Every structure is written in structure tokens, then in C-alpha cells.
Amino acid sequence: KYCTTWHDPAYFDDFFELFAPLLLSQARWNDFENVYRIIDGYASDEVTARFAYIYGRLVQEKYATPADADQAQKDAFTRALSSGSDTYYKALAAGQLDLDDAATEEVMCSSNMNKAFVRDEQEEKFLEGYASFGLPEKIYPEWLLFFEKGKPVSLACASDLSSFLAKSSDGKDEFYAQSLRIITRTANSSDAPLTPDVLRLMYPCNYSDAVAESCRKFGLSEETMYALIRSESFFDPEAVSGAGAVGLTQLMEFTAGDISQRLKKLDYDLKDPKTNIEFGAYYLANLIQRLDGSILSAFFSYNAGISRVRRWIQSSRIELGGRQSLPYDLFLETIPYSETREYGRKLVSASAAYGWLYCGKSVHGVVTEILK
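Participant: Even after reading the chapter, I still don't get the overall build of the chain, so can you show me in this structure?
Facilitator: When you go through the chain residue by residue, the secondary structure sums to 20 helices and zero strands. The C-alpha atoms of the chain give a radius of gyration of 21 Å, which matches the 21 Å a tight globule of 372 residues would have. Projected onto its principal axes, the C-alpha positions of the chain cover 65 × 55 × 35 Å. Here the chain holds 372 residues, and 51% of them are scored as buried.

Participant: Could you clarify how one ought to interpret the nonpolar core in this entry?
Facilitator: Generally speaking, soluble globular proteins have nonpolar side chains that are buried together. Within the largest apolar cluster, 119 residues are counted, with the highest numbers of intra-cluster contacts made by F32, F51, L58, L199 and M225. For L58, the contacting residues outside a window of four places in its chain are L24, W29, F32, Y63, A64 and L330.

Participant: For this particular structure, what's the right way to read the side chain of R57?
Facilitator: Positionally, R57 belongs in helix α3 (residues 45-60). The class for R57 is buried, based on a relative accessible area of 6%. Ignoring any residue separated from it by four or fewer positions in sequence, one finds R57 in contact with F77, Q96, P327, D329 and L330.

Participant: So what exactly am I meant to see when it comes to unusual backbone geometry here?
Facilitator: What you tend to see is this: most non-glycine residues have negative phi, and most peptide bonds are trans. Positive phi, close to 70 degrees, is recorded for K62, a residue that is not glycine. Within the secondary structure, K62 sits in the loop between α3 and α4 (69-80). You can call K62 exposed: its relative accessible area is 69%. One non-glycine residue, D98, lies in positive phi territory at about 55 degrees. Here D98 lies in the loop between α5 (87-96) and α6 (101-108).

Participant: What's the story with the packing of aromatic side chains in this structure? I'm lost.
Facilitator: Each aromatic ring pair is described using two quantities: the centre-to-centre distance and the angle formed by the ring planes. In the structure shown here, the tally under the stated rule is 27 aromatic pairs. Their ring planes at 70 degrees and their centres at 5.3 Å tell us that F126 and Y130 sit as a pair that is edge-to-face. Of this pair, F126 and Y130 are both found in helix α7 (residues 121-132), four residues apart, which corresponds to roughly one turn of the helix. The class of F126 is partly exposed, set by a relative accessible area of 40%.

Participant: Just to check I follow, could you spell out the pattern of salt bridges for this structure?
Facilitator: As a working rule, side chains carrying opposite charge can pair if their charged atoms are close by. Taken as a whole and assessed by the stated rule, the structure comprises 22 salt bridges. In this structure, E124 and R119 form a salt bridge, with 2.8 Å as the shortest nitrogen-oxygen distance. Here R345 and E342 are joined by a salt bridge, their closest N and O atoms 3.0 Å apart. One end of the pair is R345 and the other is E342, both in helix α19 (residues 338-358) and three residues apart, which spans about a single turn. E342 sits in the partly exposed class, given a relative accessible area of 31%.

Participant: Teacher, can you tell me more about the layout of surface pockets here?
Facilitator: Here the idea is plain: a probe the size of a water molecule rolls over the atoms and shows the empty space left. Estimates place the volume of the largest pocket at around 880 Å³. If you go around the largest pocket, you meet 37 residues; those closest to its centre are S85, D86, N188, E342 and K346. Elements represented by at least two residues in the lining of the largest pocket include exactly α1 (13-25), α3, α5, α10 (176-187), α11 (196-202), α13 (222-233) and α19. A total of nine residues in the lining of the largest pocket trace back to one element, the largest contributor, which is α19. Looking at the lining of the largest pocket residue by residue, the classes come out as 13 nonpolar, 11 polar and 13 charged. Volume-wise, the second largest pocket comes out at about 350 Å³. Among the elements that line the lining of the second largest pocket, the one with the most residues is α19, at four residues. Of the residues contributing to the lining of the second largest pocket, the split by class is eight nonpolar, five polar and four charged.

Parameters at a glance
- Residues numbered from 1 in each chain as written.
- Predicted model: local features only at pLDDT ≥ 70, side-chain atom pairs only at ≥ 80, totals over all residues.
- Heavy atoms only, no water.
- Helix = DSSP H or I, 4+ residues; strand = E, 2+ residues; numbered from the N terminus.
- Rg over C-alpha atoms; globule rule 2.2 N^0.38 Å.
- Buried < 20%, exposed > 50% of the residue type's maximum accessible area, 1.4 Å probe, protein only.
- Core = buried A, V, L, I, M, F, W, Y, C linked by side-chain atoms within 4.5 Å.
- Contact = heavy atoms within 4.5 Å.
- Phe/Tyr/Trp six-rings, centres within 6.5 Å; stacked < 30°, edge-to-face > 60°.
- Salt bridge = Lys/Arg side-chain N within 4 Å of Asp/Glu carboxyl O.
- 1 Å grid on protein atoms, 1.4 Å probe; cavity = no way out; pocket = protein on both sides within 12 Å on 5 of 7 lines; lining within 4 Å.
- Points joined across faces, edges and corners; volume = space filled by probe spheres on them.
- Nonpolar A, V, L, I, M, F, W, Y, C, P; charged D, E, K, R; others polar.

In short, shape yes, function no, at least from these values alone.
See below:
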């Protein structure tokens with residue numbers, strides 16, 4: 001009723017984050033079409049894409065029943081491709097539409113464009129000077145100062161700085177997280193289209209030897225492990241959360257203690273990248289095994305605990321009259337914790353990006369494997 005009067009679409013994102021689970025819990029399937037069509041052009045692209053994708057899937061699963069189901073699906077998934085900086089819904093929609101390689105690349109490289117961007121050449125020369133003189137430790141603090149003053153750099157400059165910092169790490173740790181923060185924040189409101197090279201900076205394969213070894217050992221796909229590390233710590237081995245989770249895969253001490261017993265590695269340091277990756281890979285693989293092979297359920301459990309996730313799955317069956325479980329992408333939208341919903345989205349989209357960029361896999365193939 002009032003969306004035509006909105007001046008700041010992002011202000012209403014939190015409302016829509018709560019509204020989607022409410023509609024699903026009340027089985028108001030067809031209302032998703034009403035919502036996405038009404039708010040298109042007024043709400044944020046991320047929100048409109050979410051409601052469009054959910055509606056397309058509800059039609060596909062025959063919960064929603066429009067007169068022309070095939071056209072309704074196509075319209076909804078096509079709208080979901082335009083989801084701003086949100087990779088999750090455009091990755092899923094690209095798979096549903098079975099886009100070819102060129103179209104998939106175009107979708108994955110799409111992002112929010114900052115149409116008001118004005119390049120500050122002096123600022124960029126100043127930052128790039130630190131790289132020219134081999135002073136990586138100066139770059140991030142100065143870049144952050146400009147960023148917090150509302151003076152972003154161009155995507156080209158951010159790419160140069162990010163690439164330099166990543167190379168300066170030389171297999172060590174100091175600048176990995178800084179590199180990732182600069183390129184990700186710039187890309188979220190970019191002055192230019194993204195490219196696969198920019199995406200590789202946004203989804204780096206740091207600690208590749210340790211990741212490959214642990215994935216072989218515990219039967220995980222590398223794109224899944226990279227997505228976990230990126231989402232948990234932004235590749236910062238020194239990261240410690242407010243709750244006390246430590247290192248690249250953000251393990252709690254009591255969880256790590258149990259894993260160390262199982263792996264017979266009683267003397268360990270969670271801030272050591274190789275150890276943390278090994279422990280995190282074991283923990284994720286164990287969750288997948290305990291949850292009947294479901295990678296997405298394991299992601300949820302990594303964030304919220306396996307007991308909660310099992311209760312949520314059982315609750316979704318009850319709401320459907322005990323007939324079946326919702327498909328996992330729709331089940332995600334019903335989870336009562338917004339943090340866990342967003343965590344699942346981040347890991348699915350990051351896994352898809354890693355698989356597509358490095359592993360020769362299609363976006364659709366990676367998403368299908370995670371959601372099965």
C-alpha cells in the first residue's frame with residue numbers, strides 16, 4: 001500500500017526478512033507473487049529477487065498454482081537474476097533457468113553500480129604509492145580511513161591494492177583478510193562491472209595446500225571448505241569471535257578439544273592455519289554424515305547446532321501435515337534465526353562461486369549438490 005512512498009529501500013530489508021518466513025509458515029504460497037510484483041522498483045533488488053525466487057520454486061513444487069505455471073516460473077526466476085550484490089538468489093535462479101556459460105558469467109559478475117561515484121585520482125595515487133614502494137602494512141589503514149569518510153576508490157584501484165596485498169602475504173597470513181575486505185566492500189557498490197578476475201580476488205584460495213589435504217582426508221569438496229573459511233573468518237587465522245570461536249574455521253575450544261581426542265592430536269594450536277583447517281574439515285564432514293549427507297543441513301548445524309536443526313526439519317514436516325519436508329532451499333527460508341538463514345545463503349553462494357571459478361563446475365551443479 002505504501003511502498004511507492006519509500007525513499008530508502010534498504011530501510012525495509014529487515015521487515016521482509018521476517019515477512020517471508022511468516023508467509024511460508026501460514027502456507028500463503030500465492031502471496032509471494034503478489035509481493036514481488038508490488039514491491040519491484042520500490043524495495044531493494046535483493047529483497048525483490050528473494051520473493052521472486054521463492055515464488056518460482058513454490059510454483060515448481062506445485063504449492064502455488066497459477067494458470068500458466070511454466071511462464072510464472074520463468075518470469076519469477078528471470079526477475080531473481082537481478083539481485084544486486086546478493087549472489088545467492090541469482091546463482092540459484094541461473095541454475096533453474098539452465099543458463100549457458102556466457103550468461104552465467106554475466107549474472108555472476110553483475111552487482112550494484114554506484115552511479116554517483118566520482119573518482120579521486122589523488123587519493124588513489126596516494127594509496128597505490130604504498131604498493132609501488134613496497135609498503136603493504138600502510139595500505140589497509142589508509143584505505144579504511146578514506147572508506148569511512150565516504151570516499152571509496154574505483155574498482156580498478158581496489159583490484160590493484162587487493163592483488164598486491166594478497167601477493168605480499170607470500171603464503172603467510174598478515175594481509176589476506178585486508179585484501180579480501182578491500183575488494184569485497186568496493187565490489188558491493190562498484191563504479192564498474194565485475195569481472196572473473198575481480199571475483200577471484202573476492203573468493204581467494206588461500207591456504208590451498210592445507211585445504212586440499214584436509215578435503216582429501218575427510219571427503220569434502222574444496223569449494224565447500226573454502227566457502228566455510230571465507231564465511232567464518234575472511235581468511236584471518238587470528239580471528240576470535242565474541243563467543244570465543246577461534247581461527248579460520250571459528251571453532252569453539254570445547255569442540256576443538258573433542259576433535260583433538262578423535263584425531264589423536266592432543267597438542268594443538270587453533271590459530272595455526274593447518275591445524276584449524278583440519279579440525280574444521282573433520283567437524284563439517286562429521287555433521288554431513290550425521291545429517292544423512294545433507295551439506296546444507298551441516299552448514300546450518302555448524303552455525304546453530306545440530307539439535308536445533310533437527311527440530312526445525314521436524315517442525316517443517318508438521319507444518320506440511322507430516323507429508324514431506326520442504327526442499328532445502330525453501331526450508332532455509334523458514335528457519336527462525338535470521339543469522340542462520342543468512343549464513344546458509346552465504347555458504348551456498350560462496351561454494352557456487354568457488355566451484356565455478358576454480359573447479360570446473362557449473363553453478364547449478366554445485367548448488368544442486370548442496371541442496372540435495
